[in-house]
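# Results of the structural survey
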Amino acid sequence: MNLPSRHLLAIEGLHPPQIANLLDLAESYVLLNRSGKTQRDLLRGRTLINLFFEDSTRTRTSFELAGKRLGADVINMSVSSSSVNKGETLLDTAGTLNAMQCDLLVVRHDQSGAPLLLAQKVDAAVINAGDGLHEHPTQALLDALTIRRRRGRLQGLTVAICGDILHSRVARSNIHLLTTMGSRVRVVGPPTLIPAEAARLGVEVFHTMDEGLAGADIVMMLRLQKERMNGGLVPSAREYFRFFGLDAARLAKAAPDALVMHPGPMNRGVEIDSAVADDPARSLIREQVEMGVAVRMAVLDTLSRRARRNV
Ligand code: ASP
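Let me begin by describing the structure that accompanies this report. (Residues numbered from 1 in each chain as written. Predicted model: local features only at pLDDT ≥ 70, side-chain atom pairs only at ≥ 80, totals over all residues. Heavy atoms only, no water.)

### Section: the nonpolar core
As a reminder, the rule being used: For the purposes of this section, nonpolar cores are sets of buried Ala, Val, Leu, Ile, Met, Phe, Trp, Tyr and Cys residues that join through side-chain atoms within 4.5 Å. Exposed residues in this analysis have more than 50% of their type's maximum accessible area, buried residues have under 20%, and partly exposed residues fall in between, with area computed by a 1.4 Å probe over protein chains only. Under the scheme used here, helices are H or I runs from DSSP no shorter than 4 residues and strands are E runs no shorter than 2 residues, and both carry numbers assigned from the N terminus. Residue contacts are counted whenever heavy atoms from the two residues lie within 4.5 Å of one another.
Counting residues in each nonpolar core, the largest one holds 63 residues, and the members touching the most others are Leu141, Ile161, Leu177 and Leu300. For this core, the element with the most residues is helix H11 (residues 285-310), which contributes nine residues. Ignoring any residue separated from it by four or fewer positions in sequence, one finds Leu177 in contact with Ile11, Ile19, Ala140, Leu141, Ala144 and Leu154.

This is how it looks when you write it as structure tokens:
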């Protein structure tokens, strides 16, 4: 498979066949994982380092699991107990990791562009596990796989991404992926949480849930990213839920068989009501987590094959 680079830093710039190939490979890993079989030879002798400068539950553990299922040696570097706390720069950390002959480096950072900077300095293949407000490419791939498995396609579906679009790298990666694959994307939220360049990204913008959800096939809810907000962009949590929260009554505005997604972590009662989040007939939230492992296996597999060819 021809990816544009030996790293995976963003969805922007990937072409439909490249995305489709990654999803097809991930699909084969879903089946392998469900069958209980393993493929531990693929990354035997390879080292994967998880370097997370920001909190994570799902992404870090699923990269760890994905690496182990393919036979890699996986190291989780906890930044809170590393020399970064002693003032070491990102590039010095990169130099240290390079000296350890790491093959795959999974990076999460609160600064947009940090994985790109590392990719220019390390020999390893770098995978962006979320950088600031920029991108979270494996999240968009796992979301796409989840949708494709349920709906059989991405093309022609109407996907409403709702909430804090401004601070969401998940929204940005999903917008790139879904528009590239022919979905119709809407973003829904208060004007303070919609980026000025939204329309340029090829999406429709709505400021009320009733309009934005009308007839949507997929409703993707996002967390209010308070850690990235300076000052009051939203009223109280209760007020926010009243206007932009998803409950059963609001979901009824979407298509009758609309499915609900959320990348996690969820803030129940703020952007989503528990009755909707936990409804097995409508919610894909658990399935998204399962797809996360398969997608990350596909990404590690693809990038390591490429690295092997370059040796
Ligand atoms: N887990 C996602 C991210 O890291 C979404 C979120 O934090 O709300 O971007």
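Now that the structure has been shown, the text picks up again.
### Observations regarding the site of the ligand
Selection rule: One heavy atom suffices: a residue is near a molecule or strand as soon as one of its heavy atoms comes within 4 Å of it. Nitrogen and oxygen atoms within 3.5 Å of one another constitute a polar contact, given that in protein one can donate a hydrogen and the other can accept it, and given that sequence-neighbouring residues count only through two side-chain atoms. Here, Shrake-Rupley sampling with a 1.4 Å probe gives the accessible areas, and only protein chains in the shown set may cover a residue. A 1.4 Å probe that fits but cannot get out identifies a cavity on a 1 Å grid over protein atoms alone, an open set with protein on both sides within 12 Å along at least five of seven lines counts as a pocket, and a residue lines either if it has an atom within 4 Å of a point. Here the criterion for a molecule occupying a pocket or cavity is that more than half of its atoms lie within 2 Å of the pocket grid points. Just so you know the grouping, Ala, Val, Leu, Ile, Met, Phe, Trp, Tyr, Cys and Pro go in nonpolar, Asp, Glu, Lys and Arg go in charged, and all remaining residues, Gly too, go in polar.
All residues in the neighbourhood of the ligand are listed as Arg108, His136, Arg169, Val170, Arg223, Gln225, Gly264 and Pro265. Here Arg169 contributes a side-chain N or O atom positioned 2.8 Å from an oxygen atom of the ligand. At 3.0 Å, a backbone N or O of Gly264 approaches a nitrogen atom of the ligand. Surface burial for the ligand is 92%, taken as the share of its 260 Å² of free accessible area covered by protein chains. Judged by its atoms lying within 2 Å of the grid points, the ligand is housed in the largest pocket. In the shell around the ligand, the residues fall into two nonpolar, three polar and three charged.

### Observations concerning unusual backbone geometry
Most peptide bonds are trans, and most residues other than glycine sit at a negative phi. For the peptide bond that leads from Gly264 to Pro265, omega is -5°, which places it in the cis range. Tracing the backbone through its elements, the reader meets Pro265 in the loop between strand S9 (259-261) and helix H10 (274-277). Although it is not a glycine, Gln101 sits at a positive phi angle of roughly 60°.

### Let's talk about the sheet that holds strand S1 (residues 47-52)
Applied cut-off: Two strands are said to pair when DSSP picks up at least two bridges between them. Structural elements are reduced to axes, namely lines fitted to C-alpha atoms, with helices fitted over the stretch in contact, and the angle between N-to-C directions of any two is expressed from 0 to 180 degrees.
Strand order in the open sheet formed by four strands is S2-S1-S3-S4, with parallel pairing between adjacent strands. Either end of the sheet is taken by a strand with one partner, and the two such strands are strand S2 (73-78) and strand S4 (125-131). Between one strand and the next, the sheet's axes are offset by a mean angle of 15°, whatever the strand orientation. Relative to S2, S1 runs parallel, the two being bridged by six bridges. If you follow Thr47 over to S2, its bridge partner there is Asp73.

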